[in-house]
Amino acid sequence: MLTIGVDIGGTKVAAGVVDEDGEIVAHALRPTPADQPDLVAETVADVVKELAEGREIEAIGVGAAGFVDETRSIVRFAPNLAWREEPLQKKITGLVGLPVVVENDANAMAWGETNFGAGRGQTHVVCITVGTGIGGGLVFDGKLFRGRWGMGAELGHMQVVPEGRLCGCGNLGCWEQYASGNALVADAREIARLQPERARILFELAGEKIEGEEVTEAARKGDDASLAAFSSLADWLGQGMADLAAVLDPGCFIIGGGVSRAADLFFEQAKETFARQLTGRGHRPVADIRLAELGASAGVVGAADLARQR
């Protein structure tokens, strides 16, 4: 039984045909027309039709970077895409003529990793996607936790600094403004601006156009400003996980997303900060903290399986 999983991000639409074992048997990729929501649905339909040709597809699962309602059909709001009350399920269904389930992209990633990746065998899992922003997904007792209105686990939008940095969601001081890819770049740029002598390698690599890839490369070459930016990200990530453990008490955290590809620069420090800041430390079990195993495929695999489980 085959389903198609689609992962809509801020820059790309990734899709794959997925079997019951979570294996991707065919895949395709398109750029995301992020500022034109009508074209996003058409892009999804185009890639689905390509993958469905010559195959019997049962349903489509779509992971969308936004607040998805309890019916798993409408994207209420997306901080990094031009979606406001977007009837995504209805549009895609009308274009492809197959059953469609819409899910938050981080929820889809969490489901994929829990059932087919790093979370196999775990019963209480918190997945954190560290990319442009921060997404989250909770799987407890084998069930995906969505909340009353389908908008639970928006972990990146916990306020960690009152009156802090402005977030794309409209609030100030959200966690993703301190522990995400955007935060990493912002910190590196700020250090480079104020203390250029610490960013010599970074400037050599990037000039004045500092982005995440250059910060990562510079850090691996010993650039002080870039290493400091990664250290800040690690501490914010570890502190946030400790706060989540105080509320949720999971057995396992899984860290995924694009920034996790630079885990060698922050992962161990994040675990150390988590252990140091954990409430009741020394008198409670400490959750495992693992890196995601499915990589960029996690959202596709998870969305496809959620469509199968609909």
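The preceding data block contains the structure.
Below: a short report on this structure. Here the structure is a predicted model, which is why all the values come from computation and not from measurement.

**A short note on the overall build of the protein chain**
A tally of regular secondary structure across the protein chain gives 9 helices and 13 strands. In terms of overall dimensions, the protein chain is globule-like: its C-alpha atoms have a radius of gyration of 19 Å, near the 19 Å expected for 310 residues. Its C-alpha atoms give the protein chain principal-axis dimensions of about 60 × 50 × 35 Å. Within the protein chain, the fraction of its 310 residues that count as buried is 52%. Of the contacts formed within the protein chain by residues at least 6 apart in sequence, a portion of 62% connects residues at least 24 apart. When the accessible area of the protein chain is evaluated, it comes to approximately 13,800 Å², of which 49% is carbon and sulfur surface. Averaging the positions of the 29 positive and the 44 negative side-chain charges in the protein chain gives two centres separated by 2 Å.

**Structural notes on the state of the cysteines**
Here, the word disulfide means a covalent bond between the sulfur atoms of two cysteines. If you walk through the whole model with that rule in mind, you get 0 disulfides. Cysteine Cys174 is unpaired, with the sulfur of Cys169 as its nearest cysteine sulfur at 3.7 Å. We classify Cys174 as buried; its relative accessible area is 0%. Cys127 provides the cysteine sulfur closest to Cys252, a residue in no disulfide bond, and the two sulfurs are 7.4 Å apart.

**Some details on the packing of aromatic side chains**
Counted under the stated rule, the structure contains 3 aromatic pairs. For the ring pair Phe67 and Phe77, a centre distance of 5.8 Å and an interplane angle of 65° mean the geometry is edge-to-face. A residue pair is termed long-range when its members are at least 10 positions apart, and Phe67 in strand S5 (residues 67-68) and Phe77 in strand S6 (residues 75-77) qualify at 10 residues.

**Regarding helix H4 (residues 181-194)**
Residues that lie three or four places apart on an α-helix share one face, since the helix turns once every 3.6 residues. The end-to-end C-alpha distance of H4 is 20 Å, a good match for the 20 Å that 14 residues give at a rise of 1.5 Å each. By the burial criterion, the buried members of H4 are Gly181, Ala183, Leu184, Val185, Asp187, Ala188, Ile191 and Ala192. Buried residues along H4 sit in contact with helix H5 (200-206), helix H6 (212-220) and helix H7 (224-248).

**Quick look at the sheet that holds strand S3 (residues 24-31)**
The 5 strands are arranged S3-S2-S1-S4-S8 in an open sheet whose pairing can be described as mixed. Lying at the two open borders of the sheet, with one neighbouring strand each, are S3 and strand S8 (100-104). Taking the axes of each pair of neighbouring strands and ignoring which way they run, one obtains an average angle of 20° across the sheet. Two strands pair when backbone bridges link them, and strand S1 (residues 2-8) and strand S4 (residues 57-64) are joined in this way by 6 bridges, in the parallel orientation. Among the inter-strand pairings, Ile8 is bridged to a residue of S4, identified as Ala64. Across the sheet, helix H1 (residues 37-52) is in contact with S1, strand S2 (12-18), S3 and S4; its angle to S3 comes to roughly 150°. Where helix H3 (residues 105-116) meets the sheet, its contacts fall on S1, S4 and S8, and the angle it forms with S8 comes to roughly 95°.

**A few points about the sheet that holds strand S9 (residues 124-130)**
A sheet is described by the order of its strands in space; here 5 strands give the open sequence S11-S10-S9-S12-S13, paired in mixed fashion. Either end of the sheet is taken by a strand with one partner, and the two such strands are strand S11 (143-145) and strand S13 (288-291). Strand after strand, the sheet turns through a mean of 25° between neighbouring axes, direction not considered. The sheet contact formed by strand S12 (residues 252-256) and S13 spans 4 bridges and is parallel. Looking across to S13, one finds that Ile254 is bridged to Arg290. Across the sheet, H7 touches S9, strand S10 (134-140), S12 and S13, and the angle it forms with S9 is around 150°. Sitting on the sheet, helix H8 (residues 267-277) is in contact with S12 and S13, with an inclination near 160° to S13.

**With respect to the packing of H7 against H8**
Where H7 meets H8, the axes come as close as 7 Å, and the angle between the chain directions of the two elements is 40°. Taken together, the axes of H7 and H8 are oblique relative to one another. Crossing angle aside, the handedness with which H7 passes H8 is right-handed. On H8, the residues that touch Ser231, Ala234, Asp235, Leu237, Gly238, Gln239, Met241, Ala242 and Ala245 of H7 are Gln269, Ala270, Thr273, Phe274, Arg276 and Gln277. Taken together, the residues of the contact of H7 with H8 break down into 7 nonpolar, 6 polar and 2 charged.

**Quick word on the nonpolar core**
Residues Ile128, Leu237, Met241, Phe253 and Phe274 are the most contacted members of the largest nonpolar core, which totals 44 residues. Among all residues touching Met241, those that are not within four sequence positions of it are Ile128, Trp175, Phe253, Ile255, Ala270, Phe274 and Ile289.

**A short note on the side chain of Ser226**
With respect to the helices and strands, the residue Ser226 is situated in helix H7. Using a relative accessible area of 0% as the deciding quantity, one classes Ser226 as buried. For Ser226, the residues in contact, after removing those within four places along its chain, are Leu202, Val215, Ala218 and Ala219.

Parameters at a glance
Residues numbered from 1 in each chain as written. Predicted model: local features only at pLDDT ≥ 70, side-chain atom pairs only at ≥ 80, totals over all residues. Heavy atoms only, no water. Helix = DSSP H or I, 4+ residues; strand = E, 2+ residues; numbered from the N terminus. Rg over C-alpha atoms; globule rule 2.2 N^0.38 Å. Buried < 20%, exposed > 50% of the residue type's maximum accessible area, 1.4 Å probe, protein only. Contact = heavy atoms within 4.5 Å. Areas by Shrake-Rupley, 256 points an atom, 1.4 Å probe, with all protein chains shown as cover. Lys, Arg positive; Asp, Glu negative; His and termini not counted. Charge placed at Lys NZ, Arg CZ, Asp CG, Glu CD. Disulfide = S-S within 2.5 Å. Phe/Tyr/Trp six-rings, centres within 6.5 Å; stacked < 30°, edge-to-face > 60°. Expected span 1.5 Å × (residues − 1). Pairing = 2+ DSSP bridges. Axes fitted to C-alpha atoms, helices over the stretch in contact; angles between N-to-C directions. Parallel < 35°, antiparallel > 145°, perpendicular 65-115°, else oblique. Left-handed = near helix turned anticlockwise from the far one by under 90°. Nonpolar A, V, L, I, M, F, W, Y, C, P; charged D, E, K, R; others polar. Core = buried A, V, L, I, M, F, W, Y, C linked by side-chain atoms within 4.5 Å.

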